[in-house]
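Okay, here's what each chain looks like letter by letter:
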There are 2 protein chains.
Amino acid sequence: MGRASGRAVTISAIAAEAGVSVPTVSRVLNGRSDVAPGTRERVEQLLRHHEYRRPSRRQGHACLVDLVFDDLDSPWALEIVRGVEEVAHSAGAGTVVSAIHSRASDRRQWLDNLRVRATDAVILVLTDLDGELGAELERLDVPAVAIDPAGVPALDLPTIGVTNWSGAVSATEHLIGLGHRRIAHISGRPGLWCTRSRLDGYRAGLGSAGLEPAAELVVEGDFGYESGYRAGVHLLGLAEPPTAVFAANDQMAMGVYEALRRSGRRVPDDVSVVGFDDLPSSRWASPPMTTVRQPLTELGRMASQMALRMVGGESIEGPRVELATELVVRESTAAR
Amino acid sequence: MGRASGRAVTISAIAAEAGVSVPTVSRVLNGRSDVAPGTRERVEQLLRHHEYRRPSRRQGHACLVDLVFDDLDSPWALEIVRGVEEVAHSAGAGTVVSAIHSRASDRRQWLDNLRVRATDAVILVLTDLDGELGAELERLDVPAVAIDPAGVPALDLPTIGVTNWSGAVSATEHLIGLGHRRIAHISGRPGLWCTRSRLDGYRAGLGSAGLEPAAELVVEGDFGYESGYRAGVHLLGLAEPPTAVFAANDQMAMGVYEALRRSGRRVPDDVSVVGFDDLPSSRWASPPMTTVRQPLTELGRMASQMALRMVGGESIEGPRVELATELVVRESTAAR
């Protein structure tokens with residue numbers, strides 16, 4: 001990522017140009033509410049125009065790393081926070097965690113906050129990495145890394161993802177190896193690359209065993225528990241139900257557990273279930289879940305290391321690294 | 001919390017007194033490794049002696065709030081982060097998340113990082129709130145709030161907890177109302193106040209119905225899944241097993257689910273199970289878990305609000321607030 005050359009515009013210069021006092025500019029910078037809207041807008045325009053930044057505290061050493069998510073409501077967010085924090089903390093840097101709820105206003109607020117706190121590097125865990133965001137970060141002169149378990153081809157940023165396709169192949173091959181032939185797939189939210197690559201991996205796994213996936217055995221979910229439950233109910237209602245279900249994430253697999261329980265069936269005696277993620281709670285599921293492990297904490301650690309190296313002036317090679325997923329066999333799958 | 005009067009010692013004065021250059025002092029402040037150990041120690045002693053602080057960016061407005069946990073490996077940490085972040089983000093402040101792993105070295109490092117980043121307020125989620133920590137925070141002149149779902153009577157800090165005892169009473173009364181008489185309790189980690197208050201609540205609930213808790217029905221756990229599983233196996237092996245189990249947290253309750261499944265029993269048909277916490281994953285358990293909800297996100301929100309008000313110069317009344325817990329009845333409990 002290119003770095004804008006830092007221009008040394010001062011708060012006094014901004015104040016003079018805006019025709020306001022220096023404290024007023026400070027109040028705008030600090031996000032205080034006691035500034036008239038028109039004044040705030042004029043000052044903010046000038047701050048942006050002159051690419052004003054707080055004097056940085058950095059000297060090749062990061063003090064703050066910003067880690068931003070769409071939402072903090074999935075347990076996997078915590079796994080990533082843990083990895084980022086572990087590396088940043090040892091290096092003396094703080095990990096600032098934010099959620100922007102896929103809303104433009106929250107993103108704007110976050111970018112403003114970023115400028116005020118003079119953060120040293122940014123780690124993005126967002127499904128929507130558009131060019132405008134890249135341009136904003138470049139303007140702020142903040143190096144950025146993206147963690148992308150979803151597999152979005154995006155900005156020209158160093159990106160760390162996971163091998164979604166291979167993970168799905170290994171889940172499917174595991175079920176085939178146990179003798180299953182009618183294997184269903186509950187896919188993730190439509191339009192995401194991880195959804196597509198897991199579905200493709202499922203198909204490839206079947207294909208390599210000479211099996212053709214029946215159209216009725218692929219049901220669309222949205223990564224939510226409820227969608228997994230509904231898909232499970234639907235699959236069990238088929239004239240010839242599947243003997244195994246591979247869900248594109250653990251939460252949907254939990255929904256399948258519940259659909260089976262309510263219909264009086266047992267996991268894995270009646271139907272085998274495989275998830276994707278390996279959330280901590282999947283180890284505690286009853287029975288403990290066979291699932292494809294995403295190395296989420298490792299993703300966080302690596303992103304943190306890359307971000308700190310970039311702050312130190314190193315350039316990071318290559319636009320994308322993929323960490324391996326791994327099938328973890330527990331007790332939700334059994335021989336047919 | 002009292003505030004030390006800020007003395008305006010400069011980096012140059014520290015450098016002169018230590019007999020080193022200003023950049024060397026900066027390197028120590030920034031936690032860089034390229035400083036000789038003896039020099040680092042001398043400089044750090046002087047920084048502490050003179051109570052040096054980075055010039056604050058605050059003007060009655062928080063830029064950074066530090067949120068520190070013992071560990072980030074429990075899903076409930078994310079619930080708290082979400083609440084703190086929500087309030088801080090809207091106020092233009094960043095939420096710095098750290099884990100100190102109950103280790104003195106990590107705590108030292110965290111306090112050093114805190115000083116370097118000139119954080120504006122601190123929210124503690126630590127089981128060990130000793131006087132030394134309080135003194136350090138006072139020296140750094142950083143207002144602090146404690147979130148304490150565990151119920152530790154601790155420092156003279158504004159503290160937000162939950163009603164552990166009442167929650168345990170309501171869980172026990174719920175089971176009694178369903179006709180259960182042999183109700184077991186799996187207690188939490190010994191020595192914690194929340195463990196004690198939940199156990200007392202269980203006993204009080206039984207007592208109010210004229211029941212005497214059988215000693216064999218109280219089994220010690222440690223809040224971990226495995227300890228819940230082992231306690232479950234033990235209870236099912238009794239000559240007269242319980243018909244209901246109240247575990248002191250959801251993770252141990254999940255262990256009881258698994259003990260029941262492995263012994264060929266069903267929840268709630270054979271044994272009713274109640275947890276404590278209401279983690280998101282407990283809604284997805286199969287069957288969905290009846291549990292005592294701790295308002296974790298709300299704890300985070302309130303702590304964040306209090307911290308921001310303290311930065312703004314308000315003093316916070318009262319040493320401790322307790323938010324209500326609430327029994328959430330789902331499908332893991334049934335009439336006897």
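As the structure is a computational prediction, the values presented were derived from the model and not from experiment. (Residues numbered from 1 in each chain as written. Chains lettered and ligands numbered in written order. Predicted model: local features only at pLDDT ≥ 70, side-chain atom pairs only at ≥ 80, totals over all residues. Heavy atoms only, no water.)

Caption draft 1: Looking closely at the overall build of chain A. In terms of helices and strands, chain A carries twelve helices and twelve strands. Expressed along its principal axes, the backbone C-alpha trace of chain A runs to roughly 75 × 40 × 30 Å. The proportion of buried residues among the 336 residues of chain A is 60%. Long-range contacts, defined here as pairs at least 24 residues apart, represent 74% of the contacts in chain A between residues at least 6 apart. Put simply, chain A shows about 12,800 Å² of open surface, and 49% of that area lies on carbon and sulfur atoms. Treating the 36 positive side-chain charges of chain A as one cloud and the 43 negative ones as another, the clouds have centres 4 Å apart. (Helix = DSSP H or I, 4+ residues; strand = E, 2+ residues; numbered from the N terminus. Buried < 20%, exposed > 50% of the residue type's maximum accessible area, 1.4 Å probe, protein only. Contact = heavy atoms within 4.5 Å. Areas by Shrake-Rupley, 256 points an atom, 1.4 Å probe, with all protein chains shown as cover. Lys, Arg positive; Asp, Glu negative; His and termini not counted. Charge placed at Lys NZ, Arg CZ, Asp CG, Glu CD.)

Caption draft 2: Representation of the packing of helix H3 (residues 37-49) of chain B against helix H5 (residues 104-116) of chain B. Residue and element names in this part refer to chain B. Between H3 and H5, whose axes approach to 13 Å, the crossing angle comes to 65 degrees. Judged by the angle between their axes, H3 and H5 are roughly perpendicular. Classified by chirality, the crossing of H5 by H3 is left-handed. Residue-level contacts link Glu44, Leu47 and Arg48 of H3 to Arg108, Asp112 and Arg115 of H5. When the residues that make up the contact of H3 with H5 are grouped by side-chain class, the tally is one nonpolar, no polar and five charged. (Axes fitted to C-alpha atoms, helices over the stretch in contact; angles between N-to-C directions. Parallel < 35°, antiparallel > 145°, perpendicular 65-115°, else oblique. Left-handed = near helix turned anticlockwise from the far one by under 90°. Nonpolar A, V, L, I, M, F, W, Y, C, P; charged D, E, K, R; others polar.)

Caption draft 3: Representation of empty space enclosed by the protein in the model. Evaluated as defined, the whole model comprises eight cavities of 30 Å³ or more. Quantified by volume, the largest cavity comes out at close to 300 Å³. In terms of lining residues, the largest cavity is bounded by 17 residues, among which Arg261 and Ser286 of chain A together with Arg261, Arg266 and Ser286 of chain B are the most central. Residue assignment for the lining of the largest cavity shows that the elements contributing at least two residues are helix H10 (250-262) of chain A together with helix H10 (250-262) of chain B. (1 Å grid on protein atoms, 1.4 Å probe; cavity = no way out; pocket = protein on both sides within 12 Å on 5 of 7 lines; lining within 4 Å. Points joined across faces, edges and corners; volume = space filled by probe spheres on them.)

Caption draft 4: View of the nonpolar core. In this structure, Leu67 and Phe69 of chain A together with Leu67 and Phe69 of chain B are the most contacted members of the largest nonpolar core, which totals 64 residues. With residues up to four places along the chain from it excluded, the contact list for Leu67 of chain A reads Ile80, Val81, Val84, Thr95, Val96, Val97, Ser98, Ile123 and Val125 of chain A. (Core = buried A, V, L, I, M, F, W, Y, C linked by side-chain atoms within 4.5 Å.)

Caption draft 5: Inspection of unusual backbone geometry at higher detail. Looking along the chain, the bond that leaves Val267 of chain A and enters Pro268 of chain A is cis, with omega of -5 degrees. Along the chain, the position of Pro268 of chain A falls in the loop between H10 and strand E9 (272-277). Geometrically, the link from Ser286 of chain B to Pro287 of chain B is a cis peptide bond, its omega value of 0 degrees lying close to zero. Looking at the secondary structure, you find Pro287 of chain B in the loop between helix H11 (280-283) and strand E10 (290-293). Phi is positive for His101 of chain A, which is not a glycine, with a value near 50 degrees. Assignment of secondary structure puts His101 of chain A in the loop between strand E2 (94-99) and helix H5 (104-116). Since its relative accessible area comes to 29%, His101 of chain A is described here as partly exposed. The backbone phi angle of Asp141 of chain A is positive, close to 60 degrees, even though this residue is not glycine. For Asp141 of chain A, the location among the structural elements is in the loop between helix H6 (131-140) and strand E4 (144-148). A relative accessible area of 15% means that Asp141 of chain A is categorised as buried.

Caption draft 6: Structural view of helix H3 (residues 37-49) of chain A. Residue and element names in this part refer to chain A. In this model H3 runs 18 Å from its N-terminal to its C-terminal C-alpha over 13 residues, within 8% of the 18 Å that 1.5 Å per residue would give. Among the residues making up H3, those that are buried are Thr39, Val43, Glu44, Leu46 and Leu47. Summarising the axial view, the buried residues of H3 lie within an arc of 160 degrees, below the 170-degree limit, and thus occupy one face. Exposed positions of H3 whose direction lies more than 90 degrees from the buried face are Pro37, Glu41 and His49. The positive-phi residue at the C-terminal boundary of H3 is Glu51, with phi of around 50 degrees. (Expected span 1.5 Å × (residues − 1). Arc of directions from axis to C-beta.)

Caption draft 7: Inspection of the layout of surface pockets at higher detail. Volume-wise, the largest pocket comes out at about 850 Å³. As for the largest pocket, its lining consists of 38 residues, of which Asp73, Ser74, Trp76, Arg189 and Gln251 of chain B are closest to the centre. Looking at the lining of the largest pocket, the elements with two or more residues in it are helix H4 (75-90), helix H11 (280-283) and helix H12 (296-311) of chain A together with helix H4 (75-90), strand E4 (144-148) and helix H8 (193-208) of chain B. Taken together, the residues that form the lining of the largest pocket break down as 15 nonpolar, nine polar and 14 charged.

Caption draft 8: Layout of the interface of chain B and chain A. Across the contact, 52 residues belong to chain B and 52 residues belong to chain A. Note on chain B versus chain A: buried area summed over both sides is about 4,700 Å², and carbon and sulfur give 53% of it. Ranking the residues of chain B by area buried against chain A places Leu78, His89 and Trp284 of chain B at the top, with a combined share of 16%. Where chain B packs against chain A, one counts four salt bridges. Of the charged contacts, one joins Glu331 of chain B and Arg261 of chain A as a salt bridge, the two residues approaching to 3.1 Å between their closest N and O atoms. Summed over the shared surface of chain B and chain A, the result is twelve residue pairs in polar contact (both at pLDDT 80 or more). Secondary-structure elements contributing two or more residues to the side of chain B that touches chain A are H4, strand E2 (94-99), H5, H10 and H11 of chain B. A total of eight residues in the side of chain B that touches chain A trace back to one element, the largest contributor, which is H4 of chain B. Counted by class, the side of chain B that touches chain A contains 21 nonpolar, 17 polar and 14 charged residues. Note that E2 of chain A and E2 of chain B share three bridges and pair antiparallel. Considered in E2 of chain B, the bridge of Val96 of chain A is made with Val96 of chain B. (Buried area = accessible area lost by both parts, 1.4 Å probe. Salt bridge = Lys/Arg side-chain N within 4 Å of Asp/Glu carboxyl O. Polar contact = N/O pair within 3.5 Å; in protein donor to acceptor, adjacent residues only side chain to side chain. Pairing = 2+ DSSP bridges.)

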